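Structural overview
Residue strings, one per chain:
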Amino acid sequence: MVHMQVPFYRHSLSPENAQLVAKVLETPFLTSGPIGKEVEGQLCEYFDVKYAKLVNSWTNGAVATLLAMDIGPGDEVIVPAMTFIATANVVELVGAKPVFIDCDPETLLITPELIKGAITKKTKAIIPVHMYGQMCDVKAIKDMLPKDQRIFIIEDCAHTFEAKFNGERPGKYSDAAIFSFYATKNVTCGEGGAIITNDEDLFERIIQAILHGMSAGAADRFKAGQYKHWGMEHLGTKANLPDLLACFLPEQIRTVDSRLKERETIAQTYESALKNTKIICPIKLDNIVHSRHLFPIHVGSQNRDKVLLTLGESNIGATVNYRAVHSMSYYSKKYGYQENDFPISFSWGNGTLSIPLFPGMTTAEQDYVIDVLVNKIDKMIGEDN
Ligand SMILES: Cc1ncc(COP(=O)(O)O)c(C=O)c1O
């Protein structure tokens, strides 16, 4: 076995991108300005939606969106137990209650049936998460919702940019879809995100909510010679993305689909290499384009930490996506959740880890990871995974 070092993730932004920042510095706009507007136009075109707003993280964008929907104390928001903590934390941050649900055992996605069982009169929103880059069936979720109760759908697209479900991209059936441009995401500017929607009234509220609740943004306030006073009707936060970061996005959005091909090839190579092992991969549905953001595997709860150690000793980067959110002590203490309340999420979360997958990963790097998985890890795993 050839020994080498394979990082969990390697970004593809070359030092030449520093010129993009230099260009921003030549303009008066250090914060949100013309480059942000250009990217928002690209997003509207790519997702075929009417409105897009850049934000400085998924998390802050989601807080602003929940505020814009007037969701707060006394309200419930349905979230998956199998997701990153941020999906639930934003609900807590606006004072509402996250109501967890379990997921499908093969795809790790939430389903309309699981959501249905959690709806109460207090339910104000659902946040389906397109886990690992594979989309939930948002149309089926929308069709299932009670017609006599306004329940918002907010898609968590942190793992998704390029994905499609039945040929349709995020944003079509939901009230809003929110993306993350965090350092390891398929499209990145270090920290950042975006909100897309087709709802004009909601968009107006979101624009205010990401700028403290102010009724007019900087560009409107300082229009040619006449200062315009602003008011504040609703509470907001501060979540806009500066052009100093937005400048990394236009080229990545233009080329995102070509990089997806690379991700898909790497993912399929893993899938066929692991087919005859005891290592389990989530099922990829037939009717979807997968964003292939992460490549999680399941090795069993009795093996997971040993496998992480072995990968570490073999100089292979790995991480865990995710231990179930309801089992985090903050949530179990506050709401009295027991570990096995959502058994699929809990058991997946205790036995999973994610292996390296990024555009630019070399064949030699992937061969090495596969070699370690097949010839070392598979042999460590008992027959019971
Ligand atoms: C599923 C999911 N939702 C939300 C987030 C939060 O994104 P951000 O770091 O941009 O706030 C992440 C980040 O990794 C995530 O994986």
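In what follows, the accompanying structure is described. (Residues numbered from 1 in each chain as written. Predicted model: local features only at pLDDT ≥ 70, side-chain atom pairs only at ≥ 80, totals over all residues. Heavy atoms only, no water.)

Next up on the list: the overall build of the chain. Regarding its fold elements, the chain presents 14 helices and 11 strands. In summary, the chain has a C-alpha radius of gyration of 21 Å against a globular reference of 21 Å for 385 residues, a match within 12%. With the C-alpha coordinates aligned to their principal axes, the bounding extent of the chain is approximately 70 × 55 × 35 Å. Expressed as a percentage of the 385 residues in the chain, the buried residues total 53%. (Helix = DSSP H or I, 4+ residues; strand = E, 2+ residues; numbered from the N terminus. Rg over C-alpha atoms; globule rule 2.2 N^0.38 Å. Buried < 20%, exposed > 50% of the residue type's maximum accessible area, 1.4 Å probe, protein only.)

Relative orientation of the contacting elements helix 3 (residues 58-68) and helix 4 (residues 86-93) amounts to 40 degrees, with a least axis distance of 9 Å. Considered as vectors, helix 3 and helix 4 are oriented oblique to each other. Helix-helix and strand crossings are classified by hand; for helix 3 and helix 4 the assignment is right-handed. Every residue of helix 4 that contacts helix 3 at Trp58, Thr59, Ala62, Val63 and Leu66 is listed here: Ala86, Thr87, Val90, Val91 and Leu93. (Axes fitted to C-alpha atoms, helices over the stretch in contact; angles between N-to-C directions. Parallel < 35°, antiparallel > 145°, perpendicular 65-115°, else oblique. Left-handed = near helix turned anticlockwise from the far one by under 90°. Contact = heavy atoms within 4.5 Å.)

As a further point, take unusual backbone geometry. Note the cis peptide between Asn321 and Tyr322, where omega equals 5 degrees. Here Tyr322 is to be found in the loop between helix 11 (304-313) and helix 12 (329-335). Backbone geometry at Asn166 places phi at a positive 50 degrees, although glycine is not the residue there. You can see Asn166 is positioned in the loop between strand 6 (164-165) and strand 7 (176-180).

What follows is about the nonpolar core. Generally speaking, a soluble globular protein has its nonpolar side chains buried in company with each other. In this structure, Ile71, Val90, Val91 and Phe100 are the most contacted members of the largest nonpolar core, which totals 37 residues. At the level of elements, helix 3, strand 2 (76-80), helix 4, strand 5 (152-157), strand 7 and helix 7 (200-209) are the ones that each hand at least two residues to this core. The leading source of residues in this core is helix 3, at seven residues. With sequence-adjacent residues up to four places away left out, Ile71 is seen in contact with Leu66, Val77, Val94, Ala96, Lys124, Ala125 and Phe152. (Core = buried A, V, L, I, M, F, W, Y, C linked by side-chain atoms within 4.5 Å.)

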